[in-house]
Amino acid sequence: MNANGLKVYFDKNSYQCRQEEFTLNSLKNGEILLKTDYSSLNYKDALAVTGKGRILKSSPLTPGIDTCGQIIKSRSNQYQEKQDIIATGCGIGETVDGGYASHIILHESQCVPLPGKLTKKEAMIYGTAGFTAALAVLRLKQNGQEPEMGPILVSGASGGVGSFSVWFLNSLGFEVWALTSKESQHKRLLTLGAAKCIQTKDWSDKSKALESIKIGGAIDNLGGTFLQKMLASCQLWGSVASIGLASSHTLESTVMPFILRGVSLLGVSSNNCPRALRLECWKLIESLHSHTHLNSILDKEILLESVEDVSKKMIDNKTTGRTIIRTP
Ligand SMILES: NC(=O)c1ccc[n+]([C@@H]2O[C@H](COP(=O)([O-])OP(=O)(O)OC[C@H]3O[C@@H](n4cnc5c(N)ncnc54)[C@H](OP(=O)(O)O)[C@@H]3O)[C@@H](O)[C@H]2O)c1
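Parameters and conventions
- Residues numbered from 1 in each chain as written.
- Predicted model: local features only at pLDDT ≥ 70, side-chain atom pairs only at ≥ 80, totals over all residues.
- Pairing = 2+ DSSP bridges.
- Helix = DSSP H or I, 4+ residues; strand = E, 2+ residues; numbered from the N terminus.
- Contact = placed C-beta atoms within 7 Å.
- Domains from an automatic or database assignment.
- Nonpolar A, V, L, I, M, F, W, Y, C, P; charged D, E, K, R; others polar.
- Axes fitted to C-alpha atoms, helices over the stretch in contact; angles between N-to-C directions.
- Near = placed C-beta within 6 Å.

A. Spotlight on the pairing of strand 1 (residues 2-10). Judged from the 9 bridges that link them, strand 1 and strand 2 (residues 15-23) form a sheet pairing that is antiparallel. Among the inter-strand pairings, Asn4 is bridged to a residue of strand 2, identified as Glu21.

B. Quick look at the environment of Thr128. Mapped onto the elements of the fold, Thr128 is located in helix 2 (residues 120-142). Counting along the chain gives 62 residues from Thr128 to Asp66, while the straight-line C-alpha distance between them is 6.5 Å. Here Thr128 is in contact with Asn42, Ile65, Asp66, Thr88, Gly89 and Ser270, once residues within four sequence places are set aside.

C. A look at the domain arrangement of the protein. Along its sequence, the protein is organised into domain 1 (2-117 + 297-326) and domain 2 (130-267). Here the C-alpha centre of domain 2 lies 29 Å away from the C-alpha centre of domain 1. Counting from both sides, the interface comprises 8 residues of domain 1 and, opposite them, 11 residues of domain 2. Residue classes in the side of domain 1 that touches domain 2 are distributed as 2 nonpolar, 5 polar and 1 charged.

D. Seen up close, the sheet that holds strand 12 (residues 239-242). Pairing is parallel across the open sheet formed by 6 strands, whose spatial order is 10-9-8-11-12-13. Of all the strands in the sheet, just strand 10 (196-199) and strand 13 (264-267) have a single pairing partner and so form its edges. When strand polarity is set aside, the average angle formed by the axes of neighbouring strands in this sheet is 20°. With 3 bridges connecting them, strand 8 (residues 152-154) and strand 11 (residues 217-220) associate as parallel partners. Along strand 11, the bridge assignment pairs Val154 with Ile219. Packed on one face of the sheet, helix 2 meets strand 11, strand 12 and strand 13 and runs near 155° to strand 12. Seen against the sheet, helix 5 (residues 224-232) touches strand 8, strand 11, strand 12 and strand 13 and runs at an angle of roughly 170° to strand 11.

E. The arrangement of the site of the ligand in detail. Surrounding the ligand, one finds 33 residues, the nearest of these being Gly156, Ser158, Gly159, Thr180 and Gly244. For the shell around the ligand, the secondary structure elements donating two or more residues are helix 1 (43-50), helix 2 and helix 3 (160-171). Residue composition of the shell around the ligand, by class: 10 nonpolar, 21 polar and 2 charged.

Have a look at this one:
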């Protein structure tokens, strides 16, 4: 069977992304064939499409770490034909072909049934961004973070993960401070539940080993000096969840926040999240679902033809919220 989608071709000297028809392999035991409806554009996808990050592990490969659609053929005992499913991470669009195509073959271990309260389009507005925000919030809570410990700072707040983090934390009773470089997004972030918005530049300087305590905890999308400052300014026994590297993949810190204040640095890795926790994250998303908030986070719906262009804008920090992709 043929599919229509994006393929990225690369070698040492060149990097090219183009839309084409390609042939799918036949299904192996445990696999399903999905007619996709939607995918989404995440920062990782933007790195993969533009070649700005080494995301794709072989060439040619279809990018797209998120997908949602209906099963049209199944060799799985867990999933039947006509069932709607979603898949986020689990190597898709990275080590195996991803969601930027009309059809995709998935292994049952990569699939999650579409949560009952969500349409396929809504599931992709959440996508990896919503899923990862839910995972970070669960990790903070499991590690003992309580609203009484003080405000949670969310960096990269106007982006996908950041916007969901603001909303989810506020819904669970936390005071949220949104760190953003975009003044135009303040109103939207306050509506999503931020108590206040702080300019990114006010948190960008290199911090001392310990600063005065300013925050109860944090969800960080930026890395580098931002993450260092969050650790140094965090409340006794507070937690900082590290999600992203939109500013830098480095972290220079001292052990002082850990050994003098009991601060925890929590890793958040959505790609290889264990299945039980994956299902818990989607349950949390379903329980907090709101059409109004979700629509305020959706920035645009695009076709495969525009993916390269919007990816470049995302890398240049010229996008906000979520972009979803209607697949052919
Ligand atoms: N660990 C995981 O499993 C996981 C999962 C998903 C995403 N991620 C990572 O999390 C980060 C956010 O992902 P996303 O999909 O939400 O991306 P996104 O929608 O592009 O959001 C990133 C936000 O970070 C800020 N930003 C971007 N470039 C920046 C720069 N150079 N310096 C300072 N701030 C900058 C911007 O927010 P403001 O303008 O509001 O400041 C931007 O909206 C990315 O690094 C991504 O790779 C990790």
